[in-house]
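# Analysis of the macromolecular model
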Amino acid sequence: MAMTDSTFKRDILAPLAGLGRKLRSRLIVAGLARCAAVIVVLIALQLTLDLVLVLGKGPRAALLLFVVTTVVYHLWQYMLRPLAIQMTLEDIAALVERARPDLRDQLLTAVSFMRNAPNPDRDSPAMVRAVIESAHRAYQSAPAPRLFDVPRHRRFVALGLTSVAIAASAGLISPDYIAAYLVRDLLLQDAAWPSRTRITIDGLVKNRIAWPLGDDLTLVANAEGDIPDSLRAEVELPDGKTFLRDMSQRGRDQFLLEYGPLTASMKLRFLIAKFGVDESTTWYDVLALQRPTVAEMTVTVTPPSYADQPATKYPANQTSIDSLHGSTLRIDAVMNKPIASAALHHADSVIADAVRDSAQSIHAEFIPHSAGSYYFNLTDDGGLTDLHPVTIAVRLQTDSPPKVRLALPGAGDMITPMAVLDVAAECEDNLALQSADLLSRILTDANSPTSQPDDVREKLPRFEPRMTRYAETLSWPLSALGAKVGDQVRLAIRASDYQPAVTTTRPAGSTASLLANTTDSGAFTLRVVTPEELLAELGRRESEWRREFEQILKSQEQLKKRIEDLHDRAAGGLTQAEVASALTREQSAQRGQISRLKTVRRQFEQIFAELKVNQLADTTVRRRLENGVIDPITNLVNIDIPAAADAMERLHGVFDRAAAQDVENHQTRLIQQMNAILANMLKWEGYNEAVGMLRDVIRLQTDVNRQTQSRLEQQAENLFGPGTTSRPEKE
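Computed from a predicted model, the values in this text were never measured in an experiment.

### Details of the packing of aromatic side chains
In the structure shown here, the tally under the stated rule is four aromatic pairs. Between F270 and Y284, the aromatic rings sit 6.0 Å apart at their centres with planes inclined by 50°, giving tilted as the arrangement. Taken together, the residues F270 in strand β8 (residues 266–272) and Y284 in strand β10 (residues 284–289) connect sequence positions 14 residues apart. The same class applies to F270 and to Y284, which are both buried. One residue, R466, lies across the ring of Y498, its end atom 4.0 Å from the ring centre.

The structure is reproduced here in structure tokens:
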């Protein structure tokens, strides 16, 4: 029976096509198995390395690149490349003939003739047909050959299934490790490997810790499960720099990180001591939050109404405030961030609640009752408070009492009833004066009630309320007070300001009284005496200072003698240096006379002033004291003695006889002038002594008359009986 084309196709071509498909599927299965095994091995290697070494993101990325490259290579080599090969029936026939050498290329030739029409010019149809029939008989004579190694194929299938089973088992047994692997090594994210040691941090919320900026950061880490031997913290700063900090262990399962002041937000994680490479936790964010504080503050001080002063607004951020007692202070503050609450404090006590003007601005008004530091206690929405508040140092200034001064120029301790006192009153207040008065009182005896139990109050002339300073000198006759010999007169100035007398309540509940400011000057107590007694006292003082002037004159005479001796020795060969040294000493002694003479002059000026105040300075007194003593001493002090000292100074360079004579002439004139002054003193003193003796004679004569009268009255009583008197009766 002749073979037809359909028979060849059924018996030869169809089996060859099926054999090609089976070969292709076997190659795909083997490639998948091989790639699965490679993938499982690479994953195991990658997971093991990262688990043991806890690789960073860079090494993990490099390792992932290696794994991906290797997997892609195997996929290409064992799956994609075989799939890309186009196998024809001729290729399959060639493989069959390789398995069955007995076919001797007949099958390949027959398949080629069947698939490609033969060329009639080149190929004989009979020969073509014969080749096809021969190939058909040969192929059919033996079973289909095996083109691949079945045991090897089964091993590949087993390897692939085992790899898949291992991966599935690992996922079922340790899903947390597989999940960590996926996150760390495939997604390249930072995640911690599952650990039997669990670290929890006090105050951690959603992997974040909020901490005040500038405060010492102290974190407490609690270990659960397997307690590590040590724990370290890895810190990453905003600029990318990282460093490690050892943590101290507190107890068995607590570790303490004492970082120090927190200067900026940062990240940190904990490294758990393990074999090989330390195990690390996930990264935690440490947020540096500013504490609420005052960024700008302004203080306005409104004085009390009685002060009649405008409000004072201090420059921004000035924290030293002077406030008059009773003033109202307003503090306006702007915060660095929104706040939840604020209150004004002083000495740990709440003074006033702050009024919110906006989310970041407040103000408070209060009347400070005590000096010290005032500050706002601030709290923000997160509960942070201001640990170092800006303080305002308030210095309370009391309304100082007026300053009052009284002077009685020219008056001594003793005055006569005819005296006219020069009362120099001076009053001053920092705000305003309300009143200024002269107080006077007559004291008759220190041991008995006064004739004037209350002070006589007299308003000072030309005083106007609300003056801040008053200075005036007025003539005040003692006769207006009606004082007599033997009385004492007390004088003082009293001034007051506008501070009211109030009672204030302090925060602690105590009260404090604030009295109106009234000040009395130092009082002068003057004794009223007769003109004779005053003149006797002044004469005694004049004699005392006349003796002092005599000592000054004696010193001047001795100085003149020393200068004359020095000139003689200079003419006899004394060196110029020795002369200059001696002249310097004498010049200093000469100028020293000035201060002694000024003291004497002041005393005589006081004596003369007291005479004028007490209306005892007539023309004679003025001539003898003022013209005869005070003015000449003034000339000595201002002109003559300085001229004599200057004349000595001119001899310092080269000793000159003419200049030396000029010095001696000055000394002679000084002594002459001093003798003239002394003569006037003695003359006035003699006059006073004569007047005093006359007064003593008059007083003695009065005493004799009184005694004679008493004796006559007693004799009359002895002769005529009691009640009789020699004194004539008054009609």
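### Considering the environment of V489
As for its placement among the helices and strands, V489 is situated in strand β27 (residues 488–497). Separated by 34 residues in the primary sequence, V489 and A523 place their C-alpha atoms 10.0 Å from one another. When sequence neighbours within four positions are dropped, the list of residues in contact with V489 reads R441, L478, L481, A483, F524, T525, L526 and V528.

### Details of the packing of helix α9 (residues 576–613) against helix α10 (residues 619–649)
At their nearest, the axes of α9 and α10 sit 9 Å apart, and the two run at 165° to each other. Comparing the axis directions of α9 and α10 gives the class roughly antiparallel. Crossing handedness for the pair α9 and α10: left-handed. Tallied by class, residues from the contact of α9 with α10 come to 20 nonpolar, four polar and ten charged.

### A closer look at the sheet that holds strand β21 (residues 403–407)
Strand pairing in a sheet relies on backbone hydrogen bonds, with the paired strands running either antiparallel or parallel. Sheet architecture is open: three strands sit in the order β21-β23-β26, paired in antiparallel fashion. Of all the strands in the sheet, just β21 and β26 (469–477) have a single pairing partner and so form its edges. Taking the axes of each pair of neighbouring strands and ignoring which way they run, one obtains an average angle of 15° across the sheet. Bridge count between β21 and strand β23 (residues 420–428): five bridges; the pairing is antiparallel. Paired with A407 across the two strands is A424, which belongs to β23.

### Topic: the pairing of strand β16 (residues 349–353)
By the bridge criterion, four bridges tie strand β15 (residues 341–346) to β16 in an arrangement that is antiparallel. From the neighbouring strand, L344 faces β16, where its bridge partner is A352. Joining the antiparallel neighbours β15 and β16 is a turn of two residues, in which A347 adopts a positive phi near 55°.

### As for the sheet that holds strand β13 (residues 320–324)
Overall, mixed pairing links the five strands, which are arranged β13-β20-β19-β15-β16 in an open sheet. Two strands in the sheet have a free side with no partner beyond their single neighbour: β13 and β16. In this sheet, neighbouring strand axes are inclined to one another by 35° on average, regardless of whether the strands run parallel or antiparallel. Note: β13 against strand β20 (residues 392–397), five bridges, orientation parallel. Among the inter-strand pairings, S323 is bridged to a residue of β20, identified as L396.

### Some remarks on the pattern of salt bridges
According to the stated counting rule, one finds 26 salt bridges in the structure shown. The partner of R494 in a salt bridge is D520, with the nearest N and O atoms 2.7 Å apart. In this pair, R494 is assigned in strand β27 and D520 in strand β30 (residues 518–520), connecting sequence segments 26 residues apart. Residue classification places D520 among the partly exposed residues on the basis of a relative accessible area of 40%. What emerges from the salt-bridge pattern is a single network uniting R405, E426, E428 and R469.

### Things to note about the nonpolar core
Counting residues in hydrophobic clusters, the biggest one holds 32 residues, and the most contacted among them are F549, L597, V600, F604, L611, I633 and M681. Tallying contributions element by element places α10 first for this core, with nine residues. If near-sequence neighbours (up to four positions away) are discounted, L597 is found in contact with F549, I552, I633, L636, V637, I641 and M674. By size, the runner-up hydrophobic cluster in this structure holds 29 residues, among which are L408, L433, L474 and L491.

### Structural notes on a nonpolar patch on the surface
Side chains of L45, L49, L51, V52, L53 and F66 sit close together on the surface and give an oily, nonpolar patch of about 460 Å² of accessible area. Counting residues per element, the nonpolar patch draws most heavily on helix α1 (residues 5–53), at five residues. Position of L49 relative to the elements: it lies in helix α1. Under the relative-accessibility criterion, L49 is labelled partly exposed at 32%.

### Topic: unusual backbone geometry
For N207, which is not a glycine, the phi torsion comes out positive at approximately 60°. On the secondary structure map, N207 appears in the loop between β1 (197–201) and β2 (208–212). With a phi close to 60°, R462 is a non-glycine residue in the positive phi region. Positionally, R462 belongs in the loop between β25 (456–459) and β26. For R462, a relative accessible area of 56% puts it in the exposed group.

Quick notes on the rules
- Here the residue index of a chain counts from 1 through its sequence in written order.
- Whole-chain, interface and lining totals are the exception, using all residues; otherwise, since this is a predicted model, local features are given only for residues with pLDDT of at least 70 and side-chain atom pairs are given and counted only at 80 or more.
- Hydrogens and water are ignored here; the side-chain numbers use all heavy atoms of the structure.
- Pairing of aromatic side chains requires ring centres within 6.5 Å, counting the rings of Phe and Tyr and the six-membered ring of Trp. Pairs whose planes differ by under 30 degrees are stacked, by over 60 edge-to-face, and all others tilted.
- Numbering of helices and strands runs from the N terminus; a helix is a DSSP stretch of H or I covering at least four residues, while a strand is a stretch of E covering at least two.
- Burial status follows relative accessibility: with a 1.4 Å probe on protein chains alone, a residue under 20% of its type maximum counts as buried, one over 50% as exposed, and anything between as partly exposed.
- Charge-over-ring contacts are defined here by two conditions on Lys NZ or Arg CZ: a distance within 6 Å of the ring centre and an angle within 35 degrees of the ring normal.
- Should any heavy atoms of two residues lie within 4.5 Å, those residues are considered in contact.
- In this analysis an axis means a line fitted to C-alpha atoms, helices contributing only their contacting stretch, and an angle means the value between N-to-C directions, from 0 to 180 degrees.
- Here the angle decides the label: under 35 degrees means roughly parallel, over 145 means roughly antiparallel, 65 to 115 means roughly perpendicular, and every other value means oblique.
- Left-handed is the label given to a crossing in which the near helix is rotated counterclockwise from the far helix by less than a right angle, and right-handed is the label when the rotation is clockwise.
- Amino acid classes used here: Ala, Val, Leu, Ile, Met, Phe, Trp, Tyr, Cys and Pro are nonpolar; Asp, Glu, Lys and Arg are charged; the rest, including Gly, are polar.
- Think of it this way: DSSP has to see at least two bridges between two strands before they count as a pair.
- Within this document, salt bridges are pairs made up of a side-chain nitrogen of Lys or Arg and a carboxyl oxygen of Asp or Glu, the two lying within 4 Å of each other.
- Take the buried residues of types Ala, Val, Leu, Ile, Met, Phe, Trp, Tyr and Cys, join any two whose side-chain atoms come within 4.5 Å, and each joined set is a nonpolar core.
- Surface patches are defined over residues having more than 30% relative accessible area and no salt bridge, joining like charges when they lie within 9 Å and nonpolar side chains (Val, Leu, Ile, Met, Phe, Trp, Tyr) when within 5 Å.
- Working definition of accessibility: Shrake-Rupley area with a 1.4 Å probe, residue cover restricted to the visible protein chains.

It is worth stressing that arrangement in space is one thing and function is another; only the former is reported here.
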